[in-house]
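Here is what each chain is made of, one letter per residue.
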Amino acid sequence: PDFARVSSPEEQRSWHPAHEVNGGPFFVVTKTDLAMEPGTTTSLELGLCPLVTGDLEIVGVRCKLFGEIWVYHQFHIEGPLLQDTRHNRANRVRGKSYLLESTVEGDMPRLVVDLVPSPDAATPSTGDTHGG
């Protein structure tokens, strides 16, 4: 399968395999090393940072097992049940899911905030305010 696809600006929603388009890389993915004991379950959090503007669709994930075997899992997320017609309600027809799609429009700032309580917040307020 194609692990990266690029949308063409000229053709609306026309996707091309990334290896056929010059100018990559198109995104950076976090790399995680994990060692698990047999019979255990764990959760992973993966991050993706787009490097170009355009439509972004996450279609799956791939990983390497034992440093030798590539495994690919394509995501299948069901969309919302369509309730607009009797036929759709009766047949439980689902619409398209947009959870893993996004449009990257340009450089956006990254803001990281740590909230640290001030020393004054620990003392009870007397209700007095001082203006300056």
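Above this text you will find the structure in question.
Residues numbered from 1 in each chain as written. Predicted model: local features only at pLDDT ≥ 70, side-chain atom pairs only at ≥ 80, totals over all residues. Heavy atoms only, no water.

Enquirer: Explain the packing of aromatic side chains residue by residue, including any values.
Expert: Counted by the stated rule, this structure contains zero aromatic pairs. One Lys or Arg, Arg62, reaches over the ring of Trp70 and ends 4.4 Å from the middle of that ring. (Phe/Tyr/Trp six-rings, centres within 6.5 Å; stacked < 30°, edge-to-face > 60°. Lys NZ or Arg CZ within 6 Å of the ring centre and 35° of its normal.)

Enquirer: Let's hear about the environment of Gly54: which residues, and what values?
Expert: Structurally, the position occupied by Gly54 is in strand β5 (residues 54-57). Look at Gly54 and you get partly exposed, because its relative accessible area is 23%. The spacing of Gly54 and Thr103 is 49 residues in sequence and 5.7 Å in space, taken between C-alpha atoms. (Helix = DSSP H or I, 4+ residues; strand = E, 2+ residues; numbered from the N terminus. Buried < 20%, exposed > 50% of the residue type's maximum accessible area, 1.4 Å probe, protein only.)

Enquirer: Which residues make up unusual backbone geometry, and what are the values?
Expert: One non-glycine residue with positive phi stands out, namely Phe66, at about 55 degrees. By relative accessible area, which is 78% here, Phe66 ends up exposed. Phi at Arg92 is positive, roughly 50 degrees, even though this residue is not glycine. Mapped onto the fold, Arg92 is located in the loop between α1 (86-91) and β8 (101-104).

Enquirer: Could you give an account of the pattern of salt bridges, with specific residues and numbers?
Expert: A full pass over the atoms with the stated rule returns two salt bridges. A salt bridge links Glu101 to Lys96; the nearest nitrogen and oxygen atoms lie 2.9 Å apart. (Salt bridge = Lys/Arg side-chain N within 4 Å of Asp/Glu carboxyl O.)

Enquirer: Before we move on, can you summarise a nonpolar patch on the surface with the specific residues and values?
Expert: The grouping of Leu34, Met36, Leu44 and Leu46 at the surface amounts to a nonpolar patch, some 380 Å² of accessible area in total. Structurally, Leu34 is set in the loop between β3 (27-29) and β4 (48-50). (Patch = residues over 30% accessible without salt bridge, like charges linked within 9 Å, V, L, I, M, F, W, Y side chains within 5 Å. Areas by Shrake-Rupley, 256 points an atom, 1.4 Å probe, with all protein chains shown as cover.)

Enquirer: How would you summarise the side chain of Ser97 if you had to cite specific residues and measurements?
Expert: Relative to the helices and strands, Ser97 is located in the loop between α1 and β8. A distance of 3.4 Å separates a polar atom in the side chain of Ser97 from the backbone nitrogen of Leu99. Discounting chain neighbours no more than four positions away, the residues touching Ser97 are Ile77, Glu78 and Gly79. (Polar contact = N/O pair within 3.5 Å; in protein donor to acceptor, adjacent residues only side chain to side chain. Contact = heavy atoms within 4.5 Å.)

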